[in-house]
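Here is what each chain is made of, one letter per residue.
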Amino acid sequence: MDAPTTTAAGNGTSGGSSSDGQGGDGGWFTPRKEPTPRPATDSAETPERSPAEAEQSEGEETGRERIPPPRRTVATIRPVGSSGSRPAPPPRHEPPAAEHAPARPETATAGRPHDHEPVAPVAADRASAPALAMSANPAPAPAASAPVTGASSGGSPDALLVRRTMAEIAPVADKVTSYFYALLFVRHPELRALFPAAMDAQRDRLLKALLTAAEHMDNAGVLTDYLRNLGRGHRKYGTEPAHYPAVGEALIGALTRYATTTWDEETEAAWVRTYTTISQIMIDAASEDELRAPAWWEAEVVSHELRTSDIAIVTVRPHQPYPFLAGQYTSLETPWWPRVWRHYSFAGAPRADGLLSFHVKAVPAGWVSNALVHHARPGDVLRLGPPAGSMTVDHSTDSGLLCLGGGTGIAPIKALVEDVAEHGERRPVEVFYGARTGVDLYDIDTMLRLQQSHPWLSVRAVVDDRAQFPDAVREFGPWYEYDAYLSGPPGMIRSGVDALRGVGIPSERIRHDSLEELVTAAD
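Summary of the structure given here. Everything numeric in this text was worked out from a predicted model, so none of it was measured. (Residues numbered from 1 in each chain as written. Predicted model: local features only at pLDDT ≥ 70, side-chain atom pairs only at ≥ 80, totals over all residues. Heavy atoms only, no water.)

On to the overall build of the chain, then. Scanning the chain from terminus to terminus reveals twelve helices and 13 strands. Within the chain, buried positions represent 57% of all 523 residues. Surface exposure of the chain reaches about 20,800 Å², of which carbon and sulfur atoms provide 52%. (Helix = DSSP H or I, 4+ residues; strand = E, 2+ residues; numbered from the N terminus. Buried < 20%, exposed > 50% of the residue type's maximum accessible area, 1.4 Å probe, protein only. Areas by Shrake-Rupley, 256 points an atom, 1.4 Å probe, with all protein chains shown as cover.)

This is the structure we're talking about:
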């Protein structure tokens, strides 16, 4: 990830930061100094062990191999400033126990939000555990940077150094993430409770988040919006400012161990500056969000309609108002799998009665999706994270809407149609509803009723391999004056974007949730 060029608003939550980057005493991170020994306590925490022992212990849980200790001293992070002025997060109460919990699958394979994984402009909060970043006051940039061999020719000096590291560790990404968690949980065992009980599905999310951010390192606007959304979303995990230094120290320790050819003082300093800025943006966004919204919303299931053997429409009533926009999605936690969150799009525009509906497809070994489809019943209480996503209608223009929905990806498309109708607009809306079989067109009757009610709406069903689904759009048109919206599996999104560009729709008028987020949202 790179450091956005904008400066996070100083709000006293982390202390010492300033717009010129000179606040504090140089940051929370001091490269190449021995970590401060953890004081002995009377708590039940296990004594600190070596990284090798840490990996052995973690390996007992996940079946991973033992990993040797770092090649050299791991930099330590020193907190500066205080978050004492921030209001305390609401107490976390365990979800009510369910009478019939689903059997725990043997493998921790993730499933999906709908039967696709969500796709947003950039990416990755829909994970089932806190993402990884470190927080500190920005360290001053070096006077000059040495040439970066093998790095991309574009970008800031820090971006080039970070990308060079990412390229080196890519072949051993699994070992890097495994070692990272070993360091984090041995040095800070109290953080283990923030993560799901089974870590298999969580392990690759760190790398996905890093790669996504690295891709947008020099796009300050995009990256800052993404990080602010990430910071707000992390409130539901119980993440606090004091956690960021621990995570950053473990991450740098893992990179130090595995970036054997590219790691040096300059690279380490670049990573420190990058994560210092990243985490500060996340902390500030979370602090601001505390003033206007809870960390999560509890919502009672009021309706459960099984449309096919593996697809259900679940409707809930939040216990307090839940503001969102048509086309957005949320993260959802069930009482059967505490701390495991998955993302689902809202299947309708905001309603006067406040009810929210989701289309859920049960996937093999999908913990959350199977619980919602096969076990959820009226009266069960779920948790909702904050709304997210930018696949929303621009009501300042009268451009037509071209919408492609594959499988349960029709849910947010239906919400967009309702949104246009509620605004009283008569702009043309063309919907292509794709599925592998006729049975999978589980909501076609609803879409056809909407078409009968609104003469500006056209609905076309496409029953075929969804890899070919976007090609059907080429038979109609022209579309160059339309804004395009895509929702479905990642493969459909990729081919859909290519098809839409091919028929003349510019990239800036094609909207979908992030592919990376779809992947990490799976379950």
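Continuing now.
Under the counting rule described, the total for this entry stands at 16 aromatic pairs. Where Phe432 meets Trp479, the ring centres are 6.1 Å apart and the plane angle is 80°; that geometry is what we call edge-to-face. Of this pair, Phe432 sits in strand 10 (residues 429-435) while Trp479 sits in the loop between strand 11 (457-463) and strand 12 (482-487); the two residues are 47 residues apart in sequence, bridging distant segments of the chain. On the accessibility criterion, Phe432 (0% relative accessible area) is buried. For Trp479, a relative accessible area of 3% puts it in the buried group. (Phe/Tyr/Trp six-rings, centres within 6.5 Å; stacked < 30°, edge-to-face > 60°.)

Attention shifts here to the pairing of strand 3 (residues 297-306). For strand 3 and strand 8 (residues 381-384), the ladder comprises four bridges, and the chain directions are antiparallel. When the bridges of strand 8 are listed, Glu300 appears paired with Val381. Relative to strand 4 (residues 311-318), strand 3 runs antiparallel, the two being bridged by seven bridges. Across the sheet, residue Val301 finds its bridge partner in strand 4, namely Val316. Once strand 3 ends, the chain turns through four residues before running back antiparallel as strand 4. (Pairing = 2+ DSSP bridges.)

Here we take up helix 6 (residues 243-258). Relative to the 22 Å expected for 16 residues at 1.5 Å per residue, helix 6 spans 23 Å between its end C-alpha atoms, a close match to the ideal helical length. Helix 6 sits mainly inside the fold: 16 of its 16 residues count as buried. (Expected span 1.5 Å × (residues − 1).)

Another point: the environment of Ile252. Tracing the backbone shows Ile252 in helix 6. Considering only alpha carbons, one finds Ile252 and Phe180, 72 residues apart in sequence, at a separation of 8.5 Å.

The next thing to look at is the pattern of salt bridges. The final tally for this structure, using the stated rule, is 13 salt bridges. Between Glu249 and Arg187 there is a salt bridge, with its nearest N and O atoms 3.0 Å apart. In this pair, Glu249 is assigned in helix 6 and Arg187 in helix 3 (residues 173-187), connecting sequence segments 62 residues apart. Here the two residues Glu249 and Arg187 agree in accessibility, since each one is buried. Two residues, Arg228 and Glu288, come together in a salt bridge whose shortest N-O distance is 2.5 Å. In this pair, Arg228 sits in helix 5 (residues 220-233) while Glu288 sits in helix 7 (residues 265-290), placing the two residues 60 residues apart along the sequence. (Salt bridge = Lys/Arg side-chain N within 4 Å of Asp/Glu carboxyl O.)

What follows is about the side chain of Thr446. Structurally, Thr446 can be placed in helix 10 (residues 444-453). By relative accessible area, Thr446 is classed as buried at 15%. Residue contacts for Thr446: discarding those within four places in its chain leaves Arg307 and Lys414. (Contact = heavy atoms within 4.5 Å.)

In terms of nonpolar packing, the biggest core is built from 36 residues, with Phe180, Leu184, Leu227, Leu255 and Trp271 touching the most fellow members. Counting residues per element, the ones that place at least two in this core are helix 2 (157-169), helix 3, helix 5, helix 6 and helix 7. Considering every element that reaches this core, the biggest residue donor is helix 6, with nine residues. With near-sequence residues (within four places) excluded, Leu184 lies in contact with Pro189, Leu191, Phe195, Ala246, Val247 and Ala250. In terms of nonpolar packing, the next biggest core, distinct from the first, is built from 27 residues, Trp337, Val360, Leu372 and Leu384 among them. (Core = buried A, V, L, I, M, F, W, Y, C linked by side-chain atoms within 4.5 Å.)

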